Amino acid sequence: IVETNVRLQDVKRKLLLDSRAESATRTNHRRFETATKNLENSTETLVQAKRIMAETEAVGLQIQYNMSEQRETLEKTQNRTENVLENLGLSDQLVKRLSRWWR
């Protein structure tokens, strides 16, 4: 009987240890799955952020190019305006000389 009780205690101990180990394994497995999902979500977020960053950079470069073209247009317009003003000044002088001559 003593021997049987000892064996029974051994079996109970092993079952208890096995159930604890199994529980710990399940807990670790759940933690692993949660961590894996978190990493996958983080990776997806980073991929989206990288895509948005690339799109933003492309838009910024296009804006920079457009602004450069607009600057050239404004500079040409300014030069033409200065030429027109210069020509108006010369025309004004010629009209004044002609009006003196016709008097």
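Described in the following lines is the structure provided in the data block. (Residues numbered from 1 in each chain as written. Predicted model: local features only at pLDDT ≥ 70, side-chain atom pairs only at ≥ 80, totals over all residues. Heavy atoms only, no water.)

Together, Val59, Ile63 and Met67 line one region of the surface with nonpolar side chains, adding up to about 290 Å² of accessible area. By the element assignment, methionine 67 lies in helix H1 (residues 2-102). Classification of methionine 67 as exposed rests on a relative accessible area of 53%. (Patch = residues over 30% accessible without salt bridge, like charges linked within 9 Å, V, L, I, M, F, W, Y side chains within 5 Å. Areas by Shrake-Rupley, 256 points an atom, 1.4 Å probe, with all protein chains shown as cover. Salt bridge = Lys/Arg side-chain N within 4 Å of Asp/Glu carboxyl O. Helix = DSSP H or I, 4+ residues; strand = E, 2+ residues; numbered from the N terminus. Buried < 20%, exposed > 50% of the residue type's maximum accessible area, 1.4 Å probe, protein only.)

This part covers the pattern of salt bridges. Side chains bearing opposite charge may pair, as long as their charged atoms lie close to each other. Evaluation of the coordinates by the stated rule reveals three salt bridges. Ionic pairing is found between glutamate 55 and arginine 51, a salt bridge with its closest N-O pair at 3.1 Å. With glutamate 55 and arginine 51 both in helix H1 and four residues apart, the pair spans about one turn of that helix. Two residues, aspartate 92 and lysine 96, come together in a salt bridge whose shortest N-O distance is 3.5 Å. Of this pair, aspartate 92 and lysine 96 both sit in helix H1, four residues apart, roughly one helical turn. When its relative accessible area of 39% is taken as the criterion, aspartate 92 is described as partly exposed.

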